[in-house]
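Remarks on the overall topology
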Amino acid sequence: MKKGLLLLAILFAKFSFAQHEDTVAYMGIYMTAQDYGMNKLSYAMSCNPSTGKIKTEHFFSQKYVEVVNGSKKIKLNKDSIFGYRDCKQKDFRFNENDRKEYRILENKGLVIYVTDLQVRSSNEKTFRLVPAYFFSKTPSSEILSLTVINLKIASPGNIKFHDYLDVEFHDCNNISAFDFVHNIYKVNYLLNQSLSN
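Residues numbered from 1 in each chain as written. Predicted model: local features only at pLDDT ≥ 70, side-chain atom pairs only at ≥ 80, totals over all residues. Heavy atoms only, no water.

Looking at the element boundaries, Glu-101 is found in strand E8 (residues 101-108). As a buried residue without a salt bridge, Glu-101 has its nearest oppositely charged side chain in Lys-78, at a separation of 4.7 Å. Non-local contacts of Glu-101, meaning those with residues more than four positions away in its chain, are made with Thr-56, Glu-57, Tyr-84, Phe-92, Arg-93, Phe-94, Val-114 and Thr-115. (Helix = DSSP H or I, 4+ residues; strand = E, 2+ residues; numbered from the N terminus. Buried < 20%, exposed > 50% of the residue type's maximum accessible area, 1.4 Å probe, protein only. Lys, Arg positive; Asp, Glu negative; His and termini not counted. Salt bridge = Lys/Arg side-chain N within 4 Å of Asp/Glu carboxyl O. Contact = heavy atoms within 4.5 Å.)

Our focus in this paragraph is the sheet that holds strand E11 (residues 144-145). Strand order in this open sheet of 8 strands is E2-E1-E6-E7-E8-E9-E10-E11, and the pairing throughout is antiparallel. The sheet terminates laterally at strand E2 (42-46) and E11, the two strands that pair on one side only. Examined bridge by bridge, E8 and strand E9 (residues 110-120) share 5 bridges and lie antiparallel to one another. Note on E9: the bridge partner recorded for Lys-108 is Leu-110. Against the sheet, helix H5 (residues 186-196) makes contact with E8 and E9, and its axis sits at roughly 150° relative to E9, the strand it touches most. (Pairing = 2+ DSSP bridges. Axes fitted to C-alpha atoms, helices over the stretch in contact; angles between N-to-C directions.)

It is worth spelling out the pattern of salt bridges at this point. Oppositely charged side chains can pair when the atoms bearing their charge come close. Taken as a whole and assessed by the stated rule, the structure comprises 5 salt bridges. The partner of Asp-35 in a salt bridge is Lys-40, with the nearest N and O atoms 4.0 Å apart. Assessed through its relative accessible area of 8%, Asp-35 is described here as buried. As a salt-bridge pair, Asp-91 and Arg-85 come within 2.9 Å of each other at their nearest N and O atoms.

Let us look at the packing of aromatic side chains. Within this structure, the stated rule accounts for 8 aromatic pairs. With a centroid separation of 4.8 Å and 10° between ring planes, the pair formed by Tyr-84 and Phe-92 is classed as stacked. Of the residues examined, Tyr-84 reaches a relative accessible area of 7% and is grouped as buried. With a centroid separation of 4.9 Å and an interplanar angle of 65°, the aromatic rings of Phe-178 and Phe-180 are classed as edge-to-face. (Phe/Tyr/Trp six-rings, centres within 6.5 Å; stacked < 30°, edge-to-face > 60°.)

What follows deals with H5. Among the residues making up H5, those that are buried are Val-187, Asn-188, Leu-190, Leu-191 and Ser-194. Buried residues in H5, looked at end-on, bunch into an arc of 160°, giving them a common side. Considering only its buried residues, H5 is in contact with E8, E9, helix H3 (148-154), helix H4 (159-168) and strand E13 (184-185). (Arc of directions from axis to C-beta.)

What follows is about the state of the cysteines. Across all of its chains, the model carries 1 disulfide by this definition. Between the sulfur of Cys-47 and that of Cys-87 lies a disulfide, 2.3 Å long from S to S. Measuring the twist about the S-S bond at about -100°, one finds the Cys-47-Cys-87 disulfide to be left-handed. Of the two residues, Cys-47 sits in the loop between E2 and strand E3 (52-55) while Cys-87 sits in the loop between strand E6 (83-85) and strand E7 (91-94), which places them 40 residues apart along the sequence. (Disulfide = S-S within 2.5 Å.)

Even without glycine at this site, Tyr-43 takes up a positive phi of about 55°. Along the chain, Tyr-43 turns up in strand E2. Phi is positive for Gln-89, which is not a glycine, with a value near 65°. Along the chain, Gln-89 turns up in the loop between E6 and E7.

As structure tokens, this is what we get:
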């Protein structure tokens, strides 16, 4: 009986370890848009705080990303890399024009991003962070503000998409809405519908 329990305990421990290995989260750098598309991380490391970290904001400079892995520190210019993945498995892209980090929310037709922008109060003494939504046609193309006008400019020949945008977003207030029924952002759903019919 004791041997049976011991064998069962060993099998359980092996199974638990195998499950743990499969669910280890990794962070790292996407050197290019192609690397992002292939889910290929450079400087990849497990998300154990003692293993390392990726620093994207520095007091003296916002030009660099610092990858810390044990005692090694590597500085990468944001202009020379695409972005990174954090320990929450969220992907980010850098924009060479403003050096901001844009979190990639979806890549299903258009790439949808969000970033926090500072909005000053009416008395100009304080500010708050407000999420602002953006898009690009591909992971490597220009990042534009998510507006009906910009969506139409980005797809000049797709009149059906233009019509869908006018009907769905005539008030322009819900342009960043997520379609929970189809599990996709509404603008991407409309784009895909316009291309499939």
